[in-house]
Amino acid sequence: MAELKRKADRRPGPPPVLAPGHTFGSVTSKISAIVLTDPYDWRWAIGMGIGSSLLLLFTVAVVHLLLHGVGVWGVNIPVMWGFAIINFVWWIGIGHAGTLISAILLLLKQEWRTSINRFAEAMTLFAVACAGVFPLLHMGRPWKFYWLLPYPNTMALLPQWRSPLVWDVFAVSTYATVSVLFWYVGLIPDLATLRDRAVSRPAQLIYGSLSLGWRGSARHWARYKSAYILLAGLATPLVVSVHTVVSFDFAAGVIPGWHTTIFPPYFVAGAIFSGFAMVVTLAVPLRAAYGLHDFITDRHLDNMAKILLATGSIVGYGYAMEFFIAWYSGNPYEGFLFLDARPFGWYHLAYRTMIFCNVLIPQLFWFPACRRNIMLLWVCSLIVNVGMWLERYVIVITSLSQDFLPSSWAMYYPTFWDWATFLGTIGLFLFLAFLFIRFLPVIAIAEMRELVHEKDHHAARHRGLPAAEPGGETQ
Amino acid sequence: MPQVFHPSANTLSRVVLFSLVVGPAALLGLIYLLVRSPYQTQVGVVREQPVQFSHEHHVNGLGIDCRFCHTSVETSASAGMPPTHTCMTCHSQIWSDSPMLEPVRASLRNNEPLEWNRVHDLPDFVYFHHGVHVQKGVGCVECHGRIDLMPLAHREKPLTMEWCLECHRNPEPRLRPKEDVFAMDWTPPADSELARASEPVPTNHVEVGQLTNCSICHR
Amino acid sequence: MKPSYKDQETPLTLTELTRAARAASTSEAASARQWRSLSELADDGSFLEEVSQAVSGVRGAIHGLDDASRRKFMTLMGASFALAGVAGCSVQPIEKIIPYVEQPEDIVPGKPMFFATAAVAGGDGVGLLVESHMGRPTKIEGNPTHPASLGATDVFSQAEMLALYDPDRSQVVVHEGRVDTWERFLAFAVDLRDRKLANKGKGLRILTQTVTSPTLADQLNRLLEAMPEAKWHSYEPVTRDAARRGAELAFGEPLEPVLHLDKADVIVSLDADFLSWGPGRLHHARAFADRRSQGADAPGEAAMNRLYVVEPTPTITGAMADHRLPVAARDVSHAARALAKALKVEGAPDADANRLAGHETWFSAAAADLLAHKGKSLVVVGEGQPAEVHALGHAINAALGNIGETVTLAPPTTAGPADQLGSLVELTRAIEAGEVDALLILGANPAYDAPVDLNLAEALLNDRGPTLVHLGTHDNETAALANWHVPEAHFLEAWGDVRAFDGTVAIQQPLIAPLYNGRTAGEIVATLLGEVGLPPRETVRRYWRERLPAETFEAAWTQALRDGVIKEQPAKSDADADGDEKAKAEAKPKQYGEPKLDKVKWADAPTEELEIVFRPDPTLWDGRYANNGWLQELPKPITTLTWGNAALVSPALAERLGLQNNQVVELEYREAVVEAPVWITPGQADDSVTVHLGHGRTRVGRVGNGVGFNAYALRRSDALWFGDGLKVSATSKRIPLAVTQHHHNMEGRELVRSATIGQYRETPDFAQAEEQSSHHGMSLHPDPPVPQNEHHAWAMAIDLNRCIGCNACTIACQAENNIPVVGKDQVLLSREMHWIRVDRYYEGESEANPGTVFQPVPCMHCEKAPCELVCPVEATLHSDEGLNEMVYNRCVGTRYCGNNCPYKVRRFNWFHYADETTPSLKPLNNPDVTVRSRGVMEKCTYCVQRINEARINAKMAGRTVGGDEVVTACQGVCPTRAIVFGNMLVESAVTKARQSPRHYALLAGLGTRPRTTYLARLNNPNPDATPAEASAENSVEPRHG
């Protein structure tokens, strides 16, 4: 027995998901401190500054757009979809990690999700918000957007159900709704905690009303648990469905490079890929800034790196398969696009960069050293974000600019307003993100407490000591 | 430490949660009603005219045929509005000094046309052809209502696309023999198929399938 | 549509007209504005304001349509739109109904009327039928009874509609730069007449453009009788002097050749672009295409004609050639000599062999071919060639016995001096000598388009210069020098008459009272004749009353107005007019004896430098259409260039001088230097640089000012069409050229299918090979049936064997369907709006002389349309008659349909392109077609408004629509009848076309099942042409992928 134990101690296990020595109290105070007690910190101020100024740019771009028309963008004939759709797909993709982590990993009982799910979900919401504005702005007559919804009108008309764009409307709105609910429900106990710890009356009122009178009674916990699991169940299919539907926007078209059955799986993989990349991109600076190394440990980063590797390879497989089919099908248009236009044509630079970012870079993560090297991991996650944006660029632009009739071929050049709108949404994202960091707990306190409890439990069982009681509120 | 909230907060929060769900729904319902209300469709709204012309008097009272003034209604897209001259054919003799008709006389005098305010007005992207409707046996009444009983003209039908489609999807019940098109008080003879509103008028040859092509009205 | 001809005695006034414009409609988002603007429209206050604005000195130069100001305008429009959107569900504003006071009896509101009149293009009459809605002309069609039209029109006639409503037209009489009145001008004119009568007209000169109007010619001659000392000069920059002088050399009198292409089996064109340049081009195009398609329709017979073309710069005629040879313009004369030698024409000089080195076989083959078809062959010499080449051409034709067969000679249709350049030179000298004290310029614009070496402008300005009276449609370069400027009436506002290439006379009648009180040349001359106050209509009637039998005059006059053609006695023309056999048989052309070459002086060999070649612009002609947005934006055939001109150089020359597209070069010719952007043009002769005239206007209006460069600055009286010694020096500047097609290679895709007549006889269905091979008819998903009306299925077939790529369809569509002009910056972003485009592909190995094929591409109206599947709001749907319908007012502008269209025929309103603010442009709109607003998709509708009109008329008459009853705009205008449209369920032209073995669908492999389909093109190359040759000409391989 003792032998075994000694052996066990000698064997170097994986880094823990929660640094040892934490109690309910320490967890709670450490996390809620970011919101309640910590003073403003210059890094937050700078980040917020960048975010809000980009947000300002965004508003300018949108007003300009609405005044003049979509012609202010670089879109032309044949390339009638440009940055707007690229960004839409990119943001939606990023929005996938959140639900994946919260829902699927929850159902799979992956305890390491606990400390990252909260801000991953928040990130999802913000990303979906950014994604949501693009289909609207991209319309020729945005003020008619409601014609895409089925509602009783005096024209006796309904949307055209065969159009993937209509499916999009439903997929994205459902996804947004469920994500919000899931996120909010998860927040309730922590909001209560904040309410109880808040000193200023306004804070008490706000957190109080948001926490819907949570008292942490056993009944509350029971309801909460079942609701949370239920929502997780609801959210799970969405993770797959949303980006599948988004991929139909292309797969349903006849355009070479779009019209392929591999799109749904390859889009979903790509989405998770970019989603986790963004989580890493946020997690690393966050834990550095607020010293959350105990909660977001190397174990988390290591796991996420593995996921990047896996999904990145799936995406790589997707690219390879496109090539193969283009060659194998003997379709002259597909052939031209994949074997000529993309690798060697007008946009070969974008294409090759994309391959580098999305396929080659993740291969580093075969090596534990690379997975553990935080700086490298972070840089790679940024590169992957760029790569995934380029992927959408390649899909939308190259396919459209050179399709069937050479007489119609034309290049696409983004304008200042294209960039302004894109950067603008990044601004919107940062703005929301920094508000979130400041006003809500970035890590699920309640769930961390559970984690502490479980850890102690196991530890106790090993040592045969009585386990600490999971306290309700900590004073 | 003191309670943050007064117990009444519970009720309040419930109300808030409830209205969050019901509020938007109610709003939508309101809009639904609004766009079908006379405010939007202008049904029954009388419009100010340069001359308070009464169809009731001229059609019902004097029994003047529609086509006397609306000359091109059987052949052209536009039914045709009577030139001042048409009014003056009678009014140079009768009521020739009525102050009410001064605008008409002025128009003839100064060769300045009268400016009527449209009552039945379709959007500019809708192309309606009076001639073919008349030829196919759609009575004036179907769209203009009992204009012959209106002292001042107003819309009786909403003229929404929904309303147009009611007939374009199922014209039979609204068709009548060509000779009765201008009869305001026509009702299908009790014994006829029309009364049962099941059969199309055999002579009119309406291709129903065609009537719901977009380009029938929009070009 | 059954035209109802009418002699409109009392055209409507502008007030009535603008009221009528109420009918013009607009799509939903636009309607908010439209309602407002209509009220503006009803009272023409806004219009008067516009006029007064023009009056108050800011004439012409009002906010030039540079792109910046265009953008600004967009901004305003856009803003009002965003608002319109916000106020989406507001109550519909009240519209007015404004009936007539006295309704003209013929006018039925909502029913168009058609009137016959004629356009003048370079003195050459083209008969027209003009559609008029409530008194406002909206669309021009060809007049089937007119020989120069045969129901078709060229791009210019179509654009005349916009020219009529051009807001920049000159609107007021100007005297010494200040606004004045017509009455004051009359006073001046009467006084002038008195003075001139006193001194027999000494010092009075009149400068006109080419005059073919019998009435005007008669007026001028009567004036010259009254004032013997006065002189009448006439000048057109695109003159036919050379042809006339050539005939003079050969026959001793100036004659015009009249071609009979329908009789020619073998045609050799010596730099003659007879399909798009010169009198009777529409007639020639029809005859040529008819002969072209004979071989195609009946594979058995060898009736298909063969065309050899020698030309310095690619033209649509060259593109139709079976054998084309790029040769410098100066060497074309040697090409003619080579042929003449080979045909043993006596008096023909020797060709300089090394000029045509390497092409001996080409010429021997051509000569042999000509010889084999004596009397059934034809040599055509271009207007751009000097007189001696024309003379030689006559001699060759005579030697081949073609004269009287495939070509007849007739006295020129033009009145006035036969040598126009000479008469202009004479005028200039007279002015310099101070012999001219009064100069009337009627319509001409010499200050802009006279040869630069004459320095006419300076002559007019110097103190001994004359009192200058200018009549013109625009306050232009010449008007700027004039003491008196009088606005000229557009021919749609005027009475007149005009001769066609074969002598046929058409009466011009006004469709509308002059918008800006414009006057005709006839009216000005009438004042000098002392006929002040005689209505123009009377002037014309009086002339004809004298020449037609009095008893039947009124009948004949009415007849003439109805038909658009007036019967002269004795019939002047040889009745080749409508290609009617027995008519030709009885009317034997008068003989002019054998052509002699002894009087000809042959130019000696010039230096081997670069040459500059001048050509009239394919869309702006000599510059008179420079302010016409439709023509500025119409892609020029071959180059697809819009909004500007370029120096066309061959790929080899570009290589040699290291030039790239859009790079600006300095063209130095003699002392003049002009900067021009380069466009590399395959098929251009290596030593030739071609520049097109008509651009670089400085004073014409907000559209045309400063577009392109002015090639007249290089043009000299001794080198009117080409000249040696051009120096080209590259600069570092670049001017982006707005071409509508960037890629010219079919990438081995079977888009345009063609074969030689020989291969066609072996495998008549060569065009369907791809479908047969690719379609093994097996599918997991059997096609669901397409819902289809059992009476009507609309379809269009385009015969690539007839299409000459003239772009008339494009502009006719623009005129019919209210298609906006978008401006150069938008074309550069490939956002042009044309619903039907003419794709042009190069074929064959050689870049120096590629084969050129055309393919008009309208909407395919696919039975399984990819666009319909993806529209989220049902804005584009399929009608049960097979139309792919576009509902503008339902469109939200996701542009998914445009992406998913494999043919890329959908067009999007990126901004609010439709001009709804310019008052004079409102009446231009076709009231049967919605004006599209910002943010909606649009595309070819198969002219659904015409289909609906036909259907409604048929229904009201209790019949069904005939198979060929509906004529689309592109079909109606097509000079060669390449486009047929109709109901493919009954016996009709399109049904017949779809049964042809040459029939194929574009991208059929996608399974879209297009309703617009094509007939493959055929070539008829000379089997004797050596293989070495073959590669250079239109490919003789049937192309399969």
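Quick note: structure is the one above.
Small disclaimer: the values here were computed from a predicted structure and weren't measured. Counting restarts for each chain: residues are numbered from 1 in the order of the written sequence. The naming scheme follows written order: chains are lettered A onward, ligands numbered 1 onward. Given that this is a predicted model, residues contribute local features only at a pLDDT of at least 70 and side-chain atom pairs are listed and counted only at 80 or more, while totals for whole chains, interfaces and linings are drawn from all residues. Hydrogen atoms and water are omitted, and side-chain values are computed over all heavy atoms in the structure.

## Overview of the overall build of chain A
By definition, any uninterrupted DSSP run of H or I lasting at least four residues is a helix, any uninterrupted run of E lasting at least two residues is a strand, and each is numbered from the N terminus. When you go through chain A residue by residue, the secondary structure sums to 17 helices and zero strands. Across its three principal axes, chain A shows a C-alpha extent of roughly 80 × 60 × 45 Å. Throughout this description, buried means an accessible area under 20% of the type-specific maximum (1.4 Å probe, protein chains only), exposed means over 50%, and partly exposed covers the range between. Counting across all 475 residues of chain A, residues that qualify as buried make up 58%. Considering only intrachain contacts with a sequence separation of at least 6, the fraction spanning at least 24 residues in chain A is 82%. Of the roughly 18800 Å² of accessible surface on chain A, 73% is carried by carbon and sulfur atoms. In chain A, which carries 33 positive and 25 negative side-chain charges, the distance between the mean positions of the two groups comes to 6 Å. Here, residues are in contact when the closest pair of their heavy atoms is within 4.5 Å. Residue burial considers only the protein chains on display, and all accessible areas are found by Shrake-Rupley using a 1.4 Å probe. Residues scored as positive are Lys and Arg, those scored as negative are Asp and Glu, and His as well as the terminal groups of each chain are ignored. All charge positions are set by atom: Lys at NZ, Arg at CZ, Asp at CG, Glu at CD.

## Observations regarding the interface of chain C and chain A
Taken together, the contacts link 59 residues of chain C with 54 residues of chain A. Of all residues in chain C, Arg 749, Arg 890 and Tyr 896 of chain C bury the most surface against chain A, accounting for 15% of the area lost on that side. By convention in these notes, a salt bridge is any Lys or Arg side-chain nitrogen within 4 Å of a carboxyl oxygen on Asp or Glu. Linking chain C to chain A there are one salt bridge. In protein, a polar contact means a hydrogen-donor-capable atom and an acceptor-capable atom, both N or O and within 3.5 Å, with residues adjacent in sequence counting only if both atoms are side-chain atoms; elsewhere, any N or O pair within 3.5 Å suffices. At the boundary of chain C with chain A, the tally comes to 30 residue pairs in polar contact (both at pLDDT 80 or more). Those elements that provide at least two residues to the side of chain C that touches chain A are helix H2 (28–42), helix H4 (67–86), strand S30 (837–843), helix H27 (866–870), helix H28 (896–900) and strand S34 (907–908) of chain C. The element best represented in the side of chain C that touches chain A is H4 of chain C, accounting for six residues. Only Asp, Glu, Lys and Arg are considered charged, only Ala, Val, Leu, Ile, Met, Phe, Trp, Tyr, Cys and Pro nonpolar, and every remaining residue, Gly among them, polar. Tallied by class, residues from the side of chain C that touches chain A come to 29 nonpolar, 16 polar and 14 charged. The term buried area refers to how much accessible surface (probe radius 1.4 Å) is lost by two components on association, counted for both of them together.

## A look at the nonpolar core
The term nonpolar core refers to a set of buried residues drawn from Ala, Val, Leu, Ile, Met, Phe, Trp, Tyr and Cys, joined through side-chain atoms within 4.5 Å. Counting 248 residues, the largest nonpolar core has Phe 250 of chain A together with Phe 274 of chain C as its most contacted members. When neighbours within four sequence positions are excluded, Phe 250 of chain A is seen to be in contact with Trp 81, Ile 85, Val 89, Trp 258, His 259, Phe 263, Phe 267, Ile 395 and Val 396 of chain A together with Tyr 896 of chain C. Of all hydrophobic cores here, the second largest spans 88 residues; its members include Ala 119, Ala 159, Ala 482 and Val 691 of chain C.

## Examining the pairing of strand S26 (residues 722–734) of chain C
Taken residue by residue, a regular strand's side chains alternate between the two faces of the sheet. The pairing of strand S20 (residues 610–615) of chain C with S26 of chain C spans four bridges and is antiparallel. Opposite Ile 612 of chain C, over in S26 of chain C, you have Gly 723 of chain C as the bridge partner. Paired strands, as defined in this entry, are two strands with at least two bridges between them according to DSSP.

## Some details on the side chain of His 55 of chain B
Mapped onto the elements, His 55 of chain B comes out in helix H3 (residues 55–61). Contact partners of His 55 of chain B, with chain neighbours within four places excluded, come to Asn 60, His 70, Ile 147, Asp 148, Met 150, Pro 151 and Ala 153 of chain B.

## Observations regarding helix H14 (residues 420–432) of chain C
Residue and element names in this part refer to chain C. Helix span, as expected, comes to 1.5 Å for every residue beyond the first. Here H14 spans 18 Å end to end across 13 residues, near enough to the 18 Å set by a 1.5 Å rise per residue. Considering only its buried residues, H14 is in contact with strand S7 (204–208), strand S8 (231–234), helix H8 (241–251), strand S15 (438–442) and helix H16 (456–461). A distance of 3.4 Å separates the backbone nitrogen of Leu 421 from a side-chain oxygen at the start of H14, and that oxygen is part of Asp 419. Of the residues trailing H14, Gly 434 is marked for its positive phi of about 75°.

## Considering unusual backbone geometry
Each neighbour pair has its own omega, and for Ile 77 of chain A with Pro 78 of chain A the value is 15°, a cis peptide bond. Tracing the chain through its elements places Pro 78 of chain A in the loop between helix H3 (42–68) and helix H4 (83–94). Unusually for a residue other than glycine, Leu 212 of chain A sits at a positive phi of about 50°. With respect to the secondary-structure elements, Leu 212 of chain A resides in the loop between helix H8 (201–210) and helix H9 (218–251). Taking relative accessible area as the criterion, Leu 212 of chain A reaches 41% and is therefore assigned partly exposed. The backbone of Leu 150 of chain C shows a phi angle near 55°, a positive value even though the residue is not glycine. Here Leu 150 of chain C lies in the loop between strand S4 (136–142) and helix H5 (155–165). Residue classification places Leu 150 of chain C among the buried residues on the basis of a relative accessible area of 12%.

## Comments concerning the sheet that holds strand S13 (residues 377–381) of chain C
Residue and element names in this part refer to chain C. Strands sit in the order S12-S11-S10-S13 across an open sheet of four strands; the sheet is parallel. The sheet terminates laterally at strand S12 (323–326) and S13, the two strands that pair on one side only. Here the strands of the sheet are splayed against their neighbours by 10° on average, with no regard to which way each runs. Across five bridges, the pairing between strand S10 (residues 266–270) and strand S11 (residues 306–311) is parallel. Fitted lines through C-alpha atoms serve as axes, helices being fitted only where they are in contact, and the angles separating the N-to-C directions of these axes extend from 0 to 180 degrees.

## Observations concerning the interface of chain B and chain A
Each partner contributes to the interface: chain B provides 12 residues, whereas chain A provides 13 residues. Together chain B and chain A conceal approximately 1000 Å² of surface at their shared face, both sides included; 70% is due to carbon and sulfur atoms. Counting across the interface, chain B meets chain A through zero salt bridges. Among the secondary structure elements, those contributing two or more residues to the side of chain B that touches chain A are helix H1 (8–35) and helix H9 (161–169) of chain B. Counting residues per element, the side of chain B that touches chain A draws most heavily on H9 of chain B, at four residues. Considered class by class, the residues forming the side of chain B that touches chain A number seven nonpolar, two polar and three charged.

## Here's the deal with the sheet that holds S4 of chain C
All names here are of chain C. The three strands lie next to each other as S2-S3-S4, forming an open sheet whose pairing is antiparallel. Looking at strand neighbours, the two that pair on one side only are strand S2 (113–121) and S4, the edges of this open sheet. Strand-to-strand, the axes of this sheet are offset by a mean angle of 40°, without reference to chain direction. Relative to strand S3 (residues 124–133), S2 runs antiparallel, the two being bridged by nine bridges.

## With respect to the environment of Asn 899 of chain C
Locating Asn 899 of chain C in the fold gives a position in helix H28. Separated by 29 residues in the primary sequence, Asn 899 of chain C and Val 870 of chain C have C-alpha atoms spaced 9.7 Å apart. Among residues more than four places away in sequence, those in contact with Asn 899 of chain C are Pro 78, Val 79, Met 80, Trp 81, Ile 255, Trp 258 and Leu 400 of chain A together with Lys 904 of chain C. Of the polar contacts made by the side chain of Asn 899 of chain C, one reaches the backbone nitrogen of Met 80 of chain A; its length is 3.3 Å.

## With respect to the packing of aromatic side chains
By convention, a stacked pair of Phe, Tyr or Trp rings (six-membered ring in the case of Trp) has centres within 6.5 Å and planes under 30 degrees apart, an edge-to-face pair has planes over 60 apart, and any other such pair is tilted. Tallying each qualifying case throughout the model produces 61 aromatic pairs over all chains. Taking the centre distance of 4.8 Å and the plane angle of 85° together, the rings of Phe 83 of chain A and Trp 419 of chain A count as edge-to-face. Of this pair, Phe 83 of chain A sits in helix H4 while Trp 419 of chain A sits in helix H16 (residues 416–439), and the two are 336 residues apart along the sequence. Between Trp 161 of chain A and Phe 170 of chain A the ring centres are 6.1 Å apart and the planes differ by 35°, which places this aromatic pair in the tilted class. Phe 170 of chain A sits in the partly exposed class, given a relative accessible area of 37%. Sitting over the ring of Trp 621 of chain C, Arg 281 of chain C keeps its end group 5.5 Å from the ring centre. The positively charged end of Arg 715 of chain C is found above the aromatic ring belonging to Trp 721 of chain C, 4.6 Å away from the centroid. In this scheme, Lys NZ or Arg CZ marks a charge over a ring once it lies within 6 Å of the ring centre and within 35 degrees of the ring normal.

## Regarding the pairing of strand S16 (residues 467–472) of chain C
All names here are of chain C. Here S16 lies mainly inside the structure; five of its six residues are buried. In the sheet, S15 pairs with S16 via five bridges, with the strands oriented parallel. Residue Leu 440 lies in a different strand from S16, and its bridge partner there is Val 469. As paired strands, S16 and strand S17 (residues 484–487) are joined by four bridges and run parallel to one another. Its bridge partner lying in S17, Leu 471 is registered against Val 486.

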